[in-house]
Amino acid sequence: MQSNTTHHAQSDNNFLSDLKRNDMMNVYPNDPEKQAISLQIEQQFRRGFLEAASEAVSLVVDPTNAYGDIYEHLGLNEALRMQNIIRRSINNKKLRHLELAAFYKDGHGSLDLDHDNVIKLIQYAKRMAYWRGQVHALSDIDQAMHHPELADVFCNRWDYFHETLIKPWAEEVKRWADNLIEQADNGLYNCPPDLITMAIEKAANIRVIHA
């Protein structure tokens, strides 16, 4: 049977690994202090997602400019660039050092949340979560706008796509981002509103109307 100290050490190791691997916590840890960290990271993800959705609502596109990729204007390329910069800022060797230095000297104690290296790793995860939120939202727009099954309905017509999908989607995103994040041991976070599913459903309804 595992000792409590061994169990805590493994739990801490898993927690740090999740920060590194997922760029955000997608499950609430049982430990209250770790839940608080996880909550901060999820809030940054929601902030990034909401900001991207809000920018999409306010984007004014020149209808005479027949470009296919509006995402240079929305900033998907920049969000991807920032995400990659942050990802490269701490290489695997440094992350391993952070992990090894995150415990008390005996190697079996609880995670030292005041340790400088742990603080750095949490800050890193929060920055990654923000840009991951931006990339996630903008990628959803990109995929929905250029989805091959929807070309007959939207045809890269940003004005129509913007009015019928982006605006109602962004309203749902705001409600999701503003909702309290329910604390639940080992419970999954609520996912953001799915624009691609909304687009497929909207297109199906339009086809029925015009059939």
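Residues numbered from 1 in each chain as written. Predicted model: local features only at pLDDT ≥ 70, side-chain atom pairs only at ≥ 80, totals over all residues. Heavy atoms only, no water.

## A closer look at helix H4 (residues 76-89)
An α-helical turn contains 3.6 residues, so any two residues separated by three or four positions project in the same direction. The end-to-end C-alpha separation of H4 is 20 Å, in line with the 20 Å expected for 14 residues at 1.5 Å each. Every buried residue belonging to H4 is among Leu76, Ala79, Gln83 and Ile86, and all of these are buried. Mapping the buried residues of H4 onto a view down its axis gives an arc of 95°, with all of them on the same face. (Helix = DSSP H or I, 4+ residues; strand = E, 2+ residues; numbered from the N terminus. Expected span 1.5 Å × (residues − 1). Buried < 20%, exposed > 50% of the residue type's maximum accessible area, 1.4 Å probe, protein only. Arc of directions from axis to C-beta.)

## Focus on the nonpolar core
Nonpolar side chains in soluble globular proteins tend to end up buried together. One finds Ile141, Trp158, Phe161 and Trp169 to be the most contacted residues of the largest nonpolar core, which totals 52 residues. Where this core is concerned, the elements lending two or more residues are helix H1 (4-22), helix H2 (32-58), H4, helix H6 (116-145), helix H7 (151-154), helix H8 (158-178) and helix H9 (195-210). The dominant element in this core, judged by the number of residues it contributes, is H6, at 15 residues. (Core = buried A, V, L, I, M, F, W, Y, C linked by side-chain atoms within 4.5 Å.)

## Digging into the packing of aromatic side chains
This model, assessed by the stated rule, comprises five aromatic pairs. Seen in terms of ring centroids, Phe45 and Trp176 are 6.2 Å apart; in terms of plane orientation they differ by 85°. Their pairing is edge-to-face. Residue Phe45 is located in helix H2, and its partner Trp176 is located in helix H8; the two are separated by 131 residues in the primary sequence. Assigned by exposure class, Phe45 and Trp176 land together as buried. When the ring of Phe49 is compared with that of Trp176, the centres are 5.4 Å apart and the planes differ by 70°; the resulting orientation is edge-to-face. Taken together, the residues Phe49 in helix H2 and Trp176 in helix H8 connect sequence positions 127 residues apart. Grouping residues by exposure puts Phe49 and Trp176 together as buried. Counting every residue linked through ring pairs, the aromatic cluster contains Phe45, Phe49, Trp169 and Trp176. (Phe/Tyr/Trp six-rings, centres within 6.5 Å; stacked < 30°, edge-to-face > 60°.)

## Some points on the pattern of salt bridges
For the structure on display, the rule yields five salt bridges. Residues Arg46 and Glu42 are paired through a salt bridge, measuring 2.7 Å at the closest nitrogen-oxygen approach. Linking Arg46 with Glu42, this pair stays in helix H2, spanning four residues, or about one helical turn. For the pair Arg46 and Glu42, one class covers both residues: buried. When the shortest N-O distance is used, the salt bridge between Lys167 and Glu163 registers 3.0 Å. Of this pair, Lys167 and Glu163 both sit in helix H8, separated by four residues, roughly a single helical turn. (Salt bridge = Lys/Arg side-chain N within 4 Å of Asp/Glu carboxyl O.)

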